[in-house]
Amino acid sequence: QSLPQQKLLTWLSVLECVEVFAEMGTARVWGEMGRWTIIVLIQLAKAILRLLLLLWYKAGIQTSPPIVPLNREQQQPLRPQDMEDNFSGKDQTYVGRRSSRVVRSLQSTPSLQSRHWGSPQQREESQSRRAEEMNQPPTPLSLQETIAESIYITRPLLHLLSLGVWGQRSWKPWLLSAVLDISSLSLLSDLKDLNRRERAELRRRTILLLYYLLRSPFYDRYSEGRILLLLRLLADYVPGVGFVTRPLMDYLPAWQKIYFYNWG
């Protein structure tokens, strides 16, 4: 990736990390008008960055989070002893004479915190496979797939516009957003040669369709009573589950009021 593209991904990641805090902080300081202003500004900035990545840098299907979190277990630095062994040419493995089994030599055994229980060859193969998956270029999108990804990117802006036109209690913003999400997924379903990250992203978007059961006005009119009843039954009759379901029941009303938790 080029340096400008990396900067765009970094800014997009920063926005996704601070959006909930910005919404809650602005609502407390400047009230409801300031809250919706910061929501519109953040969603507008995210849409502009994503459209630049899609149309200018040909980034393909964009994943969330934009930057893959660092796997620190796979980024273990070499200890000084390991570096000395590499320079001195000591063998890090031993091959059994009868079984031909490859095991790690005692001299190259790492510390307990960074120890793994597979053979060195298995670890090297898994690391090389992950590196290849991470370095795979994005799948080129045709005009249809580009339109589908553009629909997904601009869906939050259209939803906010519909909220401003028809109000928060109207079914039209909910229906418009659902139609846009389903249309984008259906247009992208014809893609076959996707890499692992892109397939995971499409699965994530499909699962997130369940959020429509928790979004107003559907939640207020249909889902709320059933979900709370189910959580209460689980808390009362399934041992140990109450530690999770009771705080969840208390948290749901607050979660419903935060736009970026619910719609972002």
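Residues numbered from 1 in each chain as written. Predicted model: local features only at pLDDT ≥ 70, side-chain atom pairs only at ≥ 80, totals over all residues. Heavy atoms only, no water.

Colleague: Explain the packing of helix 1 (residues 3–56) against helix 4 (residues 143–166) to me, please; I cannot follow it from the model alone.
Modeller: The packing of two helices is summarised by the inter-axis angle and the distance between the axes. Following both chains from N to C, one finds helix 1 and helix 4 inclined at 170°, their axes separated by 10 Å at the closest point. The orientation of helix 1 with respect to helix 4, classified from their angle, is roughly antiparallel. Helix 4 is crossed by helix 1, and the crossing has left-handed handedness. Contacts from Trp36, Ile39, Val40, Gln43, Leu44, Ala47, Arg50, Leu51, Leu54 and Leu55 of helix 1 reach helix 4 at Thr146, Glu149, Ser150, Ile153, Thr154, Pro156, Leu157, Leu160 and Leu163. Residues of the contact of helix 1 with helix 4, tallied by class, amount to 13 nonpolar, 4 polar and 2 charged. (Axes fitted to C-alpha atoms, helices over the stretch in contact; angles between N-to-C directions. Helix = DSSP H or I, 4+ residues; strand = E, 2+ residues; numbered from the N terminus. Parallel < 35°, antiparallel > 145°, perpendicular 65-115°, else oblique. Left-handed = near helix turned anticlockwise from the far one by under 90°. Contact = heavy atoms within 4.5 Å. Nonpolar A, V, L, I, M, F, W, Y, C, P; charged D, E, K, R; others polar.)

Colleague: Explanation requested: the environment of Glu198 in the structure shown.
Modeller: Secondary-structure assignment places Glu198 in helix 6 (residues 196–207). Remark: the alpha-carbon pair of Glu198 and Gly60, spanning 138 residues in sequence, is separated by 8.8 Å. When neighbours within four sequence positions are excluded, Glu198 is seen to be in contact with Ile61, Pro138 and Thr139. In this structure the side chain of Glu198 is engaged in a polar contact, spanning 2.6 Å, whose partner is the side chain of Thr139. (Polar contact = N/O pair within 3.5 Å; in protein donor to acceptor, adjacent residues only side chain to side chain.)

Colleague: Where do I start with the packing of aromatic side chains in this structure?
Modeller: By convention here, two paired aromatic rings are described through the distance between centres and the angle between planes. Counted under the stated rule, the structure contains 11 aromatic pairs. Pairing Trp174 with Phe218 gives two aromatic rings, centres 5.5 Å apart and planes at 5°, and the pair type is stacked. With Trp174 in helix 5 (residues 171–188) and Phe218 in helix 7 (residues 218–237), this residue pair connects regions lying 44 residues apart in the sequence. What makes Trp174 buried here is its relative accessible area of 13%. Plain terms: the ring middles of Tyr251 and Tyr261 are 6.4 Å apart, the flat faces sit at 65° to each other, and that makes the pair edge-to-face. Within this pair, whereas Tyr251 is found in helix 8 (residues 242–257), its partner Tyr261 is found in helix 9 (residues 259–262), the two being separated by 10 residues in sequence. Relative accessible area serves as the criterion here: at 34%, Tyr261 is assigned to the partly exposed category. Connected via pairs of aromatic rings, a cluster forms that spans Trp171, Trp174, Tyr212, Phe218, Tyr222 and Trp263. Sitting over the ring of Tyr152, Arg205 keeps its end group 3.7 Å from the ring centre. Sitting over the face of the ring of Trp263, Arg215 holds its NZ or CZ atom 4.4 Å from the ring centroid. (Phe/Tyr/Trp six-rings, centres within 6.5 Å; stacked < 30°, edge-to-face > 60°. Buried < 20%, exposed > 50% of the residue type's maximum accessible area, 1.4 Å probe, protein only. Lys NZ or Arg CZ within 6 Å of the ring centre and 35° of its normal.)

Colleague: So what exactly am I meant to see when it comes to unusual backbone geometry here?
Modeller: As a rule of thumb, non-glycine residues mostly have phi less than zero, and peptide bonds are mostly trans rather than cis. The residue after Ser64, namely Pro65, is reached through a cis peptide bond having omega 0°. Assignment of secondary structure puts Pro65 in the loop between helix 1 and helix 2 (80–88). Cis rather than trans, the peptide bond between Ser216 and Pro217 has omega equal to 5°. Phi at Lys58 is positive, roughly 55°, even though this residue is not glycine.

Colleague: Even after reading the chapter, I still don't get the confidence of the model for the protein chain, so can you show me in this structure?
Modeller: Where the model shows low pLDDT, its predicted coordinates should not be examined in detail. Of all residues in the protein chain, 79% have pLDDT values of 70 or greater, and the mean over the chain is 84. Confidence over residues 85–90 falls short of pLDDT 50; this stretch has 6 contacts with residues more than four positions distant or in other chains. (pLDDT = per-residue confidence, 0-100.)

Colleague: What is the right way to read the nonpolar core from this model?
Modeller: In terms of nonpolar packing, the biggest core is built from 14 residues, with Trp36, Ile39, Leu160, Tyr259 and Phe260 touching the most fellow members. Elements with a contribution of two residues or more to this core: helix 1, helix 4, helix 5 and helix 9. Ranked by residue count, the leading element in this core is helix 1, at 5 residues. Looking at this core, you find at least three residues from each of domain 1 (3–65 + 139–215) and domain 2 (223–262). (Core = buried A, V, L, I, M, F, W, Y, C linked by side-chain atoms within 4.5 Å. Domains from an automatic or database assignment.)

Colleague: It is not clear to me how the side chain of Arg50 should be interpreted in this structure. Could you clarify?
Modeller: Relative to the elements of secondary structure, Arg50 occurs in helix 1. According to the relative accessible area criterion, Arg50 is buried, its value standing at 11%.

Colleague: In this structure, what is going on with the environment of Ala22? I would like to understand it.
Modeller: By secondary structure assignment, the location of Ala22 is in helix 1. Through-space distance from the C-alpha of Ala22 to that of Ile39 is 8.4 Å; in sequence the pair is 17 residues apart. Aside from chain neighbours lying at most four places away, what touches Ala22 is Ile38 and Ile42.

Colleague: Even after reading the chapter, I still don't get a nonpolar patch on the surface, so can you show me in this structure?
Modeller: Taken together, the side chains of Leu229, Leu230, Leu233, Leu234, Tyr237 and Val238 present a nonpolar region at the surface, about 570 Å² in accessible area. With respect to the helices and strands, Tyr237 occurs in helix 7. Using a relative accessible area of 65% as the deciding quantity, one classes Tyr237 as exposed. (Patch = residues over 30% accessible without salt bridge, like charges linked within 9 Å, V, L, I, M, F, W, Y side chains within 5 Å. Areas by Shrake-Rupley, 256 points an atom, 1.4 Å probe, with all protein chains shown as cover. Salt bridge = Lys/Arg side-chain N within 4 Å of Asp/Glu carboxyl O.)

Colleague: Honestly, the pattern of salt bridges in this entry has me stumped. Any pointers?
Modeller: Between side chains of opposite charge, a pair can form as their charged atoms come close. Inspection of the entire model under this criterion finds 9 salt bridges. Glu23 is paired through a salt bridge with Arg35; the nearest N and O atoms lie 3.0 Å apart. Of the two residues examined, Glu23 and Arg35, each falls in the buried class. Between Glu201 and Arg204 there is a salt bridge; the shortest N-O distance is 2.9 Å. Of this pair, Glu201 and Arg204 both sit in helix 6, 3 residues apart, which is roughly one turn of that helix. A relative accessible area of 27% means that Arg204 is categorised as partly exposed. The structure contains a network of salt bridges with shared partners spanning Glu149, Glu201, Arg204 and Arg205.

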